[in-house]
Amino acid sequence: MSSTPRPYALYNVAIVAHVDHGKTTLVDHMLRQAGTFRANEVLTERVMDSNDLERERGITILAKNTSVRWRGDTKINIIDTPGHADFGGEVERTLLMADGALLLVDAAEGPLPQTRFVLRKCLELGFPVIVVINKIDRSDARPDEVHEEIFDLFCDLDASEAQLDFPLIYAIGKQGIAKRTLEDPSTNLEPLFETIVAKVPPAPGDPEAPLQILISNVDHDDYVGRLGIGRIVAGTVRANQPVGVLKDGRNLKGSIKVLSTVEGLKRTPAVDAQAGEIIAIAGIEDVDVGDTIVDLSQGWETHALPRILVEQPTIKMRVGVNTSPFAGKSKATKFLTSRHLRDRLTRETKRNLAIRLEETDSPDTFVVLGRGELQLAILIETMRREGYELQLGNPEVVTQTVDGSLCEPMELVVLDVPEQFIGVVTERMGERRGRMVKMSNPGYGRARLEYRIPSRGMIGFRGEILTATRGTALLNSQFDGWEPWGGAMMKRATGAIVSDRGGVSTPYALFHLQPRGSFFISPGAEVYEGMIVGEHNRPNDTDVNVIKEKKLSNVRNHGKDENVALAPPRVLTIETAMEWIDADELVEVTPDAVRVRKGILEINKRPRRTEAIEDAQSVG
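Residues numbered from 1 in each chain as written. Predicted model: local features only at pLDDT ≥ 70, side-chain atom pairs only at ≥ 80, totals over all residues. Heavy atoms only, no water.

Visitor: Even after reading the chapter, I still don't get the overall build of the chain, so can you show me in this structure?
Guide: When its secondary structure is counted, the chain shows 14 helices and 35 strands. Across the 620 residues of the chain, 54% fall into the buried class. (Helix = DSSP H or I, 4+ residues; strand = E, 2+ residues; numbered from the N terminus. Buried < 20%, exposed > 50% of the residue type's maximum accessible area, 1.4 Å probe, protein only.)

Visitor: How should I be thinking about the environment of Pro 409 in this particular structure?
Guide: Within the secondary structure, Pro 409 is located in strand β24 (residues 405-418). Counting along the chain gives 10 residues from Pro 409 to Thr 399, while the straight-line C-alpha distance between them is 7.0 Å. When neighbours within four sequence positions are excluded, Pro 409 is seen to be in contact with Thr 314, Val 397, Val 398, Pro 454, Ser 455, Phe 479, Gly 481 and Trp 482. (Contact = heavy atoms within 4.5 Å.)

Visitor: Even after reading the chapter, I still don't get the nonpolar core, so can you show me in this structure?
Guide: Here is a general trend for soluble globular proteins: nonpolar side chains tend to be buried in one another's company. Core analysis: the biggest nonpolar cluster contains 34 residues, and Leu 103, Leu 119, Val 129, Val 131, Ile 133, Ile 150 and Phe 154 have the highest contact counts within it. Of all elements in the fold, only β1 (9-17), β4 (100-106), α4 (113-124), β5 (129-134), α5 (143-156) and β6 (168-172) reach the threshold of two or more residues within this core. It is α4 that provides the largest number of residues to this core, a total of five residues. The residues contacting Ile 133, other than those within four sequence positions of it, are Val 105, Ala 107, Pro 143, Val 146, His 147, Ile 150, Leu 168, Ile 169, Tyr 170 and Ala 171. Counting 32 residues, the second-largest nonpolar core is a separate cluster that includes Leu 345, Ile 380, Tyr 388 and Ile 459. (Core = buried A, V, L, I, M, F, W, Y, C linked by side-chain atoms within 4.5 Å.)

Visitor: Just to check I follow, could you spell out the pattern of salt bridges for this structure?
Guide: Opposite charge on two side chains allows them to pair when their charged atoms are near. As enumerated under the stated definition, the model contains 40 salt bridges in all. The salt bridge partner of Asp 500 is Arg 501, with a shortest N-O separation of 2.8 Å. Between Arg 595 and Glu 588 there is a salt bridge, and its shortest N-O distance comes to 3.0 Å. The burial state of Arg 595 is the same as that of Glu 588; both residues are buried. Connected through shared salt-bridge partners, Arg 226, Lys 247, Arg 250, Asp 286, Asp 288, Asp 291 and Arg 307 make up one network. (Salt bridge = Lys/Arg side-chain N within 4 Å of Asp/Glu carboxyl O.)

Visitor: Any chance you could explain the packing of α4 against α5 here in plain terms?
Guide: When two helices pack together, their arrangement is given by the angle between the helix axes and the distance between those axes. Interaxial distance between α4 and α5 falls to 10 Å at its minimum, and their mutual angle equals 55 degrees. By the criterion of interaxial angle, the relationship of α4 to α5 is oblique. For α4 against α5, the interelement crossing comes out right-handed. Across from Thr 115, Arg 116, Leu 119 and Leu 123 in α4, the residues of α5 making contact are Leu 153, Phe 154 and Asp 156. Partitioned by chemical class, the residues of the contact of α4 with α5 number four nonpolar, one polar and two charged. (Axes fitted to C-alpha atoms, helices over the stretch in contact; angles between N-to-C directions. Parallel < 35°, antiparallel > 145°, perpendicular 65-115°, else oblique. Left-handed = near helix turned anticlockwise from the far one by under 90°. Nonpolar A, V, L, I, M, F, W, Y, C, P; charged D, E, K, R; others polar.)

Visitor: Explain the confidence of the model for the chain here, please?
Guide: Reading predicted coordinates in detail is not appropriate for stretches of low pLDDT. For the chain, the mean per-residue pLDDT works out to 83, and 89% of the residues sit at or above 70. Across the chain, the element-wise mean pLDDT spans from 43 in helix α14 (residues 610-619) up to 94 in strand β31 (residues 526-527). (pLDDT = per-residue confidence, 0-100.)

Visitor: Explanation requested: a negative patch on the surface in the structure shown.
Guide: On the surface, a cluster of negative charge is made up of Asp 144, Glu 145, Glu 148, Asp 152 and Glu 183. The residue Asp 144 is located in helix α5 in this model. (Patch = residues over 30% accessible without salt bridge, like charges linked within 9 Å, V, L, I, M, F, W, Y side chains within 5 Å. Areas by Shrake-Rupley, 256 points an atom, 1.4 Å probe, with all protein chains shown as cover. Lys, Arg positive; Asp, Glu negative; His and termini not counted. Charge placed at Lys NZ, Arg CZ, Asp CG, Glu CD.)

Visitor: Teacher, can you tell me more about the packing of aromatic side chains here?
Guide: Between two aromatic rings, the relevant description is the distance of the centres plus the angle of the planes. This model, assessed by the stated rule, comprises six aromatic pairs. Between Trp 70 and Phe 193 the ring centres are 5.8 Å apart and the planes differ by 20 degrees, which places this aromatic pair in the stacked class. One end of the pair, Trp 70, is in strand β2 (residues 64-70); the other, Phe 193, is in helix α7 (residues 190-199), and 123 residues separate them in sequence. Seen in terms of ring centroids, Phe 520 and Trp 580 are 5.2 Å apart; in terms of plane orientation they differ by 90 degrees. Their pairing is edge-to-face. Here Phe 520, found in the loop between β30 (517-519) and β31, pairs with Trp 580, found in helix α13 (residues 574-580); they are 60 residues apart in sequence, far enough to count as distant. The same class applies to Phe 520 as to Trp 580, namely buried. For the cation-ring pair, Arg 456 lies above Trp 485, with the distance from its terminal atom to the ring centre recorded as 3.9 Å. (Phe/Tyr/Trp six-rings, centres within 6.5 Å; stacked < 30°, edge-to-face > 60°. Lys NZ or Arg CZ within 6 Å of the ring centre and 35° of its normal.)

Visitor: Looking at this structure, how should I read the sheet that holds strand β11 (residues 242-246)?
Guide: The strands making up a sheet are joined through hydrogen bonds of the backbone, oriented either antiparallel or parallel. On the basis of which strands lie adjacent, the open sheet formed by eight strands has the order β12-β11-β17-β8-β9-β16-β13-β14 and antiparallel pairing. Two strands lie at the open edges of the sheet, namely β12 (251-255) and β14 (266-269), each paired on one side alone. Adjacent strand axes in the sheet meet at a mean angle of 40 degrees when their direction is disregarded. As judged from the five bridges shared by strand β9 (residues 225-234) and strand β16 (residues 278-282), these two strands associate in the antiparallel manner. Looking at β16, one finds that Gly 230 is bridged to Ile 279. (Pairing = 2+ DSSP bridges.)

Visitor: Can you help me understand the side chain of Thr 292 in this one?
Guide: Within the secondary structure layout, Thr 292 lies in strand β17 (residues 292-295). For Thr 292, the contacting residues outside a window of four places in its chain are Ile 213, Leu 214, Gly 244, Val 245, Leu 246, His 303, Ala 304 and Leu 305.

Visitor: Would you take a moment to explain the sheet that holds strand β7 (residues 177-179) for this structure?
Guide: With mixed pairing, the seven strands of this open sheet are ordered in space as β2-β3-β1-β4-β5-β6-β7. Each end of this open sheet is capped by a strand with a single partner; those strands are β2 and β7. Along the sheet, successive strands turn relative to each other by an average axial angle of 30 degrees, direction set aside. Alignment of β1 against β4, held across five bridges, turns out to be parallel. Its bridge partner lying in β4, Val 16 is registered against Leu 103. Across the sheet, α4 lies against β1, β4 and β5, angled at about 165 degrees from β4, the strand it touches most. Sheet strands touched by α5: β4, β5 and β6. Its angle to β5, the strand with the most contacts, is close to 150 degrees.

Visitor: Teacher, can you tell me more about the packing of helix α10 (residues 422-431) against helix α11 (residues 461-468) here?
Guide: Taken N-terminus to C-terminus, the directions of α10 and α11 make an angle of 155 degrees; their axes are 10 Å apart at the nearest point. One finds that α10 runs roughly antiparallel with respect to α11. Handedness of the α10/α11 crossing: right-handed. Side by side, α10 and α11 meet where Val 424, Val 425, Arg 428, Met 429 and Glu 431 of the first sit next to Phe 461, Glu 464, Ile 465 and Ala 468 of the second.

Visitor: What am I meant to see in α10 here?
Guide: Since the α-helix turns once every 3.6 residues, residues separated by three or four places project in the same direction. For α10, the complete set of buried residues consists of Ile 422, Val 425 and Met 429. One side of α10 carries all its buried residues, which in axial view fall inside an arc of 65 degrees. (Arc of directions from axis to C-beta.)

And the structure:
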């Protein structure tokens, strides 16, 4: 049965960039100017960031695809990818749905670590890359220098001659303006659309060939169930068509119940779709990322496409059943057993190839491996909002043995700081075994420092460096290979303030304990023995009574009954709690609270922290 030719030209383009360089904002204006929305339709900013966590944090976490119709006869599928290094796995698997890329670079900041990562992936796939220098309206914009830096980056990454001759667009993403030159009077994105059509090849693939669909993402729909999202590499697919699913090591048969393509932000049911199109299929419950969907022709078992591979995880963390005295007391808790945790984490590994799960000797504890602290924190926050209750160990680096020696992951860290904080940054990086590899001064009173540092040295470092530079530092990092293990390293120089009994904290007790450090709780908070209520201002832990009440008598002295003045507590999030805890401590996560505690709750059974710190300092 022959296929009817597609009535429009089709292009698949990925938008890649470093975090906060303006990808999602630019996509907003591409959708608006292509007529995807009605003229009177009320729109939110960053419409592609549909996830609650994405809106709260202002970053893209999940890769998504949309499409625009330009001049009626051209359809452009756009894949919006995350810009944070921790979500590099999303970038790697979704790039396989594209045939070209828009590389966005900030006109002031220039290429940063994640710019290098995403560009390297695009060049390895042989993509033509359209460079968009965004935010040229910034007061500190330096588009000409950034253009030279981008060209140098292409050369460093061994781009081909054709790739080095990249087209260049200047843009003001938040205004929806693209220009071919800085003097171009353009007031819309017309130059960008024209460049995409001219430089990105139309979606390839033979619609008459045997069907091959590579699944790059999975999703869930409340009406049709599990969705497999991917690109048709060859052939034509039709709704209600029987198909084969080629997995890693086993083959299944199934049927496509619902076939959808993306029109704007909506999935639209389709009768059929041809090679090159990005589709969503429903009806196969056991479909996973990396599977190949084929038709049941003769020899269908041999038509598998290469499975999607992503880079190895560098951070691991223990996740277990909550064992605190407050376990199960939250009314919002829905899931708290090891079976619930295992099922949820297993589902995540099938959807996100950058996350891995390992069993431990204990049936109640698992090891989750990922790209970075933020990726793991986002996973736990998502689970918390779904009603899960669990406890976390401190993040650790993943090691591997190379040529008989133990090696640890390294990171390339780029710090953009005011010049007066260069000394502070150098001192703090030195404490964490960071080696400066480059220093430059782009102007405007700021310096750019590049370091190579063990990944474990970055655990908990972001908050520390922001405090040391009064919130002015810009920090970016990227995985940069493996090096022999560098020995013990000090993590936290201060101890913990630990509650020595259960009860309800009182203002009287907290007021008299304030000189010992800063607190994580407010008066009236419920506590238990072994729960960490604050950070000690000395290296050792201290056990305190935070439920002590003032002894009342019928004698009153003038000036002795003044109001208690308490400093506001430090509110810990999952991310900051993970960074703060040490090896003998845990984070307790429930749907309505985040607490930190000692692994061993009883005072008389808990070892002292002082000796461990002295050992780490002497070795490190």
